[in-house]
Amino acid sequence: MLDRLQALADRYEKLSELLCDPDVAGDPKKLRDYSKEQSDLQPVYAAYTEYKQVVEQLDDAKAMQNEKLDEDMREMVKMEIDELDSRKTELEAEIQVLLLPKDPNDDKNVIVEIRGAAGGDEAALFASDLYRMYMKFADTQGWRVELMEANESDLGGFKEVIFMVTGKGAYSKLKYESGAHRVQRIPVTESGGRIHTSTSTVAVMPEVEEVEVEILDKDIRVDTYCSSGAGGQSVNTTKSAVRVLHVPTGIMAQCQDGKSQNENKAKALQVLRARISDMKRQEEEAKYAGERKSKVGTGDRSERIRTYNYPQSRVTDHRIGLTLHKLDSVLNGDMEEIINALTLTAQTELMERENLA
């Protein structure tokens, strides 16, 4: 591990030299690539630098124990050794996580799709609650949210809503949200006061660049139509809404919330690329699902991942057995505890696989 860390540290320092090179400064592509590479290496470089300092200080402190010291000094040295030993252990655990293979999509922006599933109008209302939850969480992270497509229900919920979240690490924090979310509460449409169970599905997909998934003009069919509002009524007399069908896969995307037909087409193609990439990823996951079943799942929409119980103000993530009695806080965007627990579980599983390899 130390050899690998030293190699990464050498590369980080080499990148510092390259970024000061006038030839690199004049080449936007090299400047961007080297800057990103160094940024990716910075956390492990900082941890390794501190680790070397701690080890050196620890060796010096242990050497002092062999000297003639009075009782007070000996006690101070012992306390310092204990503190340094503890920090060394913490850094070793931190570095082990930093050295895990990184998901290449972690730093990407994401496209999130939420659909009301079982439960009719109540499922659509719950979909809008989930949308607000992610909006508020994004706000706490300093991310930007852009609505791409919304199909409202008569009661003000969402039959379907698609939005993009732009910000550093968006996919790394939201990727475990894919799956079926279940709500247990008394619907506004229920006159008898009975608790109903409804579901909405969430799909989180990393943004895909044009060079990653090429969509040929001959492979798509583009239809234009008048945009519509809640209940299907027409709200626009011009055909600015766009629907794009990818004929080889049968995958479709549409957008009507942009200001122009060209803007809607660009957004629809953006969603289409993400869906095609997600389909390929899930096909790959399916090949290896039997070999390595992950607790945090594969992102399949049909997989029930979480329950939001209103009567008991309880949120339960079924994948890791985590239960929090703070439903209101979670729905107001306080998702960090859930996300951190899911990330830790995924990292633990990855470390176990790495050790067995």
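Residues numbered from 1 in each chain as written. Predicted model: local features only at pLDDT ≥ 70, side-chain atom pairs only at ≥ 80, totals over all residues. Heavy atoms only, no water.

### A look at the pattern of salt bridges
- Under the criterion given, the structure shown has 30 salt bridges.
- Note that Arg-319 is salt-bridged to Asp-317, the shortest N-O span being 2.7 Å. This pair shows no difference in class: Arg-319 is buried, exactly as Asp-317 is.
- What you see here is one network of salt bridges that share partners, running through Lys-36, Asp-40, Lys-102 and Asp-107. (Salt bridge = Lys/Arg side-chain N within 4 Å of Asp/Glu carboxyl O. Buried < 20%, exposed > 50% of the residue type's maximum accessible area, 1.4 Å probe, protein only.)

### Here's the deal with the sheet that holds strand S6 (residues 220-225)
- Taken in spatial order, the three strands of this open sheet run S6-S7-S8, and their pairing is antiparallel. Each edge of the sheet is formed by a strand with only one pairing partner; in this case those strands are S6 and strand S8 (251-255). For this sheet the average axis-to-axis angle between neighbouring strands, irrespective of direction, equals 15°.
- Pairing of S6 with strand S7 (residues 241-246), which is carried by six bridges, proceeds in the antiparallel orientation. Directly across from Thr-224, in S7, lies its bridge partner Val-242. (Pairing = 2+ DSSP bridges. Helix = DSSP H or I, 4+ residues; strand = E, 2+ residues; numbered from the N terminus. Axes fitted to C-alpha atoms, helices over the stretch in contact; angles between N-to-C directions.)

### Some details on the nonpolar core
- Judged by nonpolar contacts, the single largest core of 36 residues is most densely connected at Ile-114, Tyr-134, Val-165 and Tyr-308.
- Sorting the residues of this core by element identifies strand S1 (110-116), helix H5 (121-141), strand S3 (158-166), helix H6 (170-174), strand S5 (196-206), strand S11 (322-324), helix H8 (327-331) and helix H9 (336-356) as the ones contributing at least two each.
- Here this core gets eight residues from one element, more than from any other, and that element is H5.
- In this structure, Ile-114 is in contact with Ala-127, Leu-130, Tyr-131, Tyr-134, Lys-159, Glu-160, Val-161, Phe-163, Thr-201 and Val-202, ignoring residues within four places of it in sequence.
- Membership of the second largest hydrophobic core comes to 21 residues, among which are Val-24, Ala-47, Ile-81 and Ile-95. (Core = buried A, V, L, I, M, F, W, Y, C linked by side-chain atoms within 4.5 Å. Contact = heavy atoms within 4.5 Å.)

### Re the sheet that holds strand S10 (residues 314-317)
- The strand order across the open sheet built from eight strands is S2-S3-S1-S5-S4-S9-S10-S11, with neighbouring strands paired in mixed fashion. The sheet is open, and its two edges are formed by strand S2 (144-152) and S11, each paired on a single side. Strand-to-strand twist in this sheet, taken as the mean axis angle between neighbours without regard to direction, amounts to 15°.
- Two elements, strand S4 (residues 179-185) and S5, share seven bridges in a ladder whose sense is antiparallel. By the bridge assignment, Gly-179 is partnered in S5 with Val-202.

### A few points about the confidence of the model for the protein
- On average, residues of the protein score 87 in pLDDT, and 91% of them reach the 70 mark or higher.
- In this model residues 231-235 is a low-confidence stretch, pLDDT under 50, and it forms nine contacts with partners more than four residues away in sequence or in other chains. (pLDDT = per-residue confidence, 0-100.)

### Examining the packing of helix H1 (residues 2-19) against helix H3 (residues 28-64)
- At their nearest, the axes of H1 and H3 sit 8 Å apart, and the two run at 135° to each other. Relative to H3, H1 is oriented oblique. Where H1 crosses over H3, the handedness of that crossing is left-handed. Residue-level contacts link Leu-2, Leu-5, Gln-6, Leu-8, Ala-9, Arg-11, Tyr-12, Glu-13, Leu-15, Ser-16, Leu-18 and Leu-19 of H1 to Leu-31, Tyr-34, Ser-35, Glu-37, Gln-38, Leu-41, Gln-42, Val-44, Tyr-45, Tyr-48, Tyr-51 and Lys-52 of H3.
- Per-class residue counts for the contact of H1 with H3 are 15 nonpolar, five polar and four charged. (Parallel < 35°, antiparallel > 145°, perpendicular 65-115°, else oblique. Left-handed = near helix turned anticlockwise from the far one by under 90°. Nonpolar A, V, L, I, M, F, W, Y, C, P; charged D, E, K, R; others polar.)

### Topic: unusual backbone geometry
- Positive phi is not limited to glycine here, since Ser-313 has a value of about 50°.
- Mapped onto the secondary structure, Ser-313 falls in the loop between strand S9 (304-309) and S10.
- For Ser-313, a relative accessible area of 28% gives the class partly exposed.

### Examining the pairing of S5
- For S5, a buried count of nine out of eleven residues is recorded, marking the element as mostly surrounded by other parts of the structure.
- When S1 meets S5, the two strands line up antiparallel, connected through seven bridges. The partner of Val-112 across the bridge, within S5, is Val-204.

### A word on the UniProt feature "domain: Peptide chain release factor" (unreviewed entry) in the protein
- Mapped onto this structure's residue numbering, the UniProt feature "domain: Peptide chain release factor" (unreviewed entry) falls at residues 62-177.
- End-to-end, the C-alpha atoms of residues 62-177 are 48 Å apart, and along that stretch the chain is 49% helix and 22% strand. (UniProt positions renumbered as here; feature names shortened; annotations may be inferred.)

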